[in-house]
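# Fold and contact review
The lines below spell out each chain.
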Amino acid sequence: MRFTDRPTLFSSVLLALPSLSSAFYLPGVAPTSYDEGQTVPLFVNHLTPGLSRDDQLHSVFAYDYYHPQLHFCQPEGGPKDIRESLGSILFGDRIQTSPFELHMAQNETCKAICGEVKFDARSAKFINRRIAQGYNINWLVDGLPAAQLHYDAVTQTKFYSPGFSLGDLDDSGQTVLNNHFNIEIDYHRVGYRGKSQYRVVGVLVYPESRADSRVLEDGTADCGTRNTIVALNEEAETPLTWTYSVSWKESPTAWATRWDKYLHVYDPKIHWFSLINSAVFVVFLVGMVGMILIRALKKDIARYNRLDMISLEDLDGTSAAVEDGIQEDSGWKLVHGDVFRCPKSPLLLSVLLGNGAQLFMMTGVTVVFALLGLLSPANRGFLATAILLVSAIFGGISGYVSARVYKAFGGEAWKRNIVMTPLLIPGFIFCTFFLFNLFVWAKGSSGAVPFGTMLALVLIWFVISVPLSVAGSWLGFRQAAIEGPTKTNQIPRQVPPMSGSLRTIPSILLTGILPFGAIFVELYFIMTSLWTNKIYYMFGFLFLCYGLMIITSAATTVLLVYFLLCAENYRWHWRAFFGAGMTGGYVFLNALIFWATRVSFGGLTGTVLYVGYSALIGFVVFILTGSIGVFASWAFIHRIYGSIKVD
Ligand SMILES: *[C@@H]1O[C@H](CO)[C@@H](O)[C@H](O)[C@H]1NC(C)=O
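In this report, we go over the structure that sits alongside the text. No experiment lies behind these values; they were computed from the predicted model shown.

Pairing is antiparallel across the open sheet formed by three strands, whose spatial order is β2-β8-β9. In this open sheet, the two edge strands, each paired with only one partner strand, are β2 (42-44) and β9 (144-145). In the sheet, β2 pairs with strand β8 (residues 139-141) via three bridges, with the strands oriented antiparallel. Paired with Val44 across the bridge in β8 is Trp139.

Set out below in structure tokens:
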């Protein structure tokens, strides 16, 4: 009984968590019920690049739906912006009103969106290029993205893939523009105060190309015939009519589960398999390393302490020789007078570590939030907003940690530490982001973050993050300095030259590989969903990966530091930081490989942006893992030097 009780209790708690969280009704999560015939608004979002037929990513720019060269019909009086959260804007959403008229549960066979539009040669070129690059149109109906139905041959399931294609390439390589939209909406009937109401639970669009659709004399529309293709002429003007039809279908899907069809895991078996594989590998490796290390340490400590006893007991003649002969020959004990010596550039290191601690907390909290279902895809941009706010609030942690570390290093310039902690790294990240944004803006892409949002970011940073960081620093500096268990000698020891894999570059390259291996699988999915604007929701995987990354970073760095100390090299701080931080370097390298194999951009701007953003992500991972490495090694060193006797 005892054994069966626990798992069921545990799993029922786990199962209850998501439903608990959905009861909170975060903004945008409460269901909307419509009466029959009531207008259901259709909002348009930006056009995003997708993977083209050859599975290549051709662009990273998003375009505004009402980009003049696209010639989509505008609502009367011009499109209006829909209010969005900060995070949703940062992630590129540009949601606007549209001229589509959808009425709940009322079919529409054919309707023109507006009169005839004419594509000049320049627009034709623009749009043909976008079609060739695999651009997708993104609509939102009642918060649900309009999707295209896809079939996954591996799992043999149908699923909704958000966004539908602007056009297609036919077999001869001719670009074909889709000018007719078959909108199919699933609705669910609910009884509410005696009468039926309806909720939107699924939106599919089957785009088609119909060359002979037109607006008739009497104002009605003729949606033309299927399989007549619209090919935009790049030399002359092409007239065209945008049309749509709507069919409503009753569905048994309840509102609460309407997102399930969208959240499709490509080949979950392989996903799980590779993840479990790497988890087992990591646990095995860490266990082995841990065992060997503990055994070696126990032996070392026992030997050191025994030698101590001998030298205390025989104070005459021979003991000195014994002591010199045995104790000098090996081991990390030799550097006890230097291991807590202040590293080079203590100010910079303490600032990095402070920011690393902030990142660590922020990532942890976000992943846990996501795991509990608090960041459902129904809340567009909530994830990004949450990350922003959480990281701003954790500014306090960065100040506190930075101050304590700096004090432990015996740093004097505490004013500079207080100022640099909240300004240096976030400032650097913001400035690069701003610079990239100028590029996007110059390209005329809607992905550019508006000036107002930038200003809001700076405000959040200065109003929340900086004061909290300063307060944290103040608290940190008031605490007593962290003292090492051994005293630091006046004169620094000579560091012998390192050989083999303990030399700087090989040791750094080797240390970063394992943590990178732990996140490698998940990284691919994150990258694809980041660049192609797909929903990322595999937070369970992400949680596991984050855990694995922490464990491996800590374990490999501890091992590195142990070897360094055994080789009498006590300059471990920066080595540990760069060694563990090399994970970020590999993340960047991986992005470059992805770029070489899966991405084909024409222009320089796209390349600069891709490489730039990848480098920025790599840099953030560098600080995060580097800090994990240093803190883990620090704790380790405290532990081992605390368990030997030093006279
Ligand atoms: C709309 O048309 C579809 C077929 O295209 C049909 O199955 C459905 O019942 C119709 N809905 C209404 C409300 O008439």
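On to the sheet that holds strand β12 (residues 164-165). Ordered in space as β3-β7-β12, the three strands form an open sheet in which the pairing is antiparallel. Each edge of the sheet is formed by a strand with only one pairing partner; in this case those strands are β3 (48-49) and β12.

In this structure the tally under the stated criterion is two disulfides. Across the disulfide from Cys73 sits Cys114; the S-S distance is 1.9 Å. Across the S-S bond of Cys73 and Cys114 the torsion is about -65 degrees, and the bridge reads as left-handed. Placement of the pair is Cys73 in the loop between β3 and α2 (86-90) and Cys114 in the loop between β5 (108-112) and β6 (117-119), with a sequence separation of 41 residues. Given the relative accessible area of 23%, Cys114 is considered partly exposed. For Cys110, the disulfide goes to Cys223, at an S-S distance of 1.9 Å. Between Cys110 and Cys223, the S-S dihedral sits near 95 degrees, and the bridge is therefore right-handed. One end of the pair, Cys110, is in strand β5; the other, Cys223, is in the loop between β18 (221-222) and β19 (238-240), and 113 residues separate them in sequence.

Right, let's talk about the pattern of salt bridges for a bit. If you walk through the whole model with that rule in mind, you get 12 salt bridges. For Arg189, the salt bridge goes to Glu250, with nearest N and O atoms at 3.3 Å. One end of the pair, Arg189, is in strand β15 (residues 180-192); the other, Glu250, is in strand β20 (residues 243-250), with 61 residues separating them in the sequence. Taking the relative accessible area as the measure of exposure, Arg189 reaches 38% and is therefore partly exposed. Residue Glu250 is classed as partly exposed on the basis of its relative accessible area, which comes to 45%. Within this structure, Glu208, Arg210 and Arg226 form a network of salt bridges that share partners.

Definitions and cut-offs
- Residues numbered from 1 in each chain as written.
- Predicted model: local features only at pLDDT ≥ 70, side-chain atom pairs only at ≥ 80, totals over all residues.
- Heavy atoms only, no water.
- Pairing = 2+ DSSP bridges.
- Helix = DSSP H or I, 4+ residues; strand = E, 2+ residues; numbered from the N terminus.
- Disulfide = S-S within 2.5 Å.
- Buried < 20%, exposed > 50% of the residue type's maximum accessible area, 1.4 Å probe, protein only.
- Salt bridge = Lys/Arg side-chain N within 4 Å of Asp/Glu carboxyl O.

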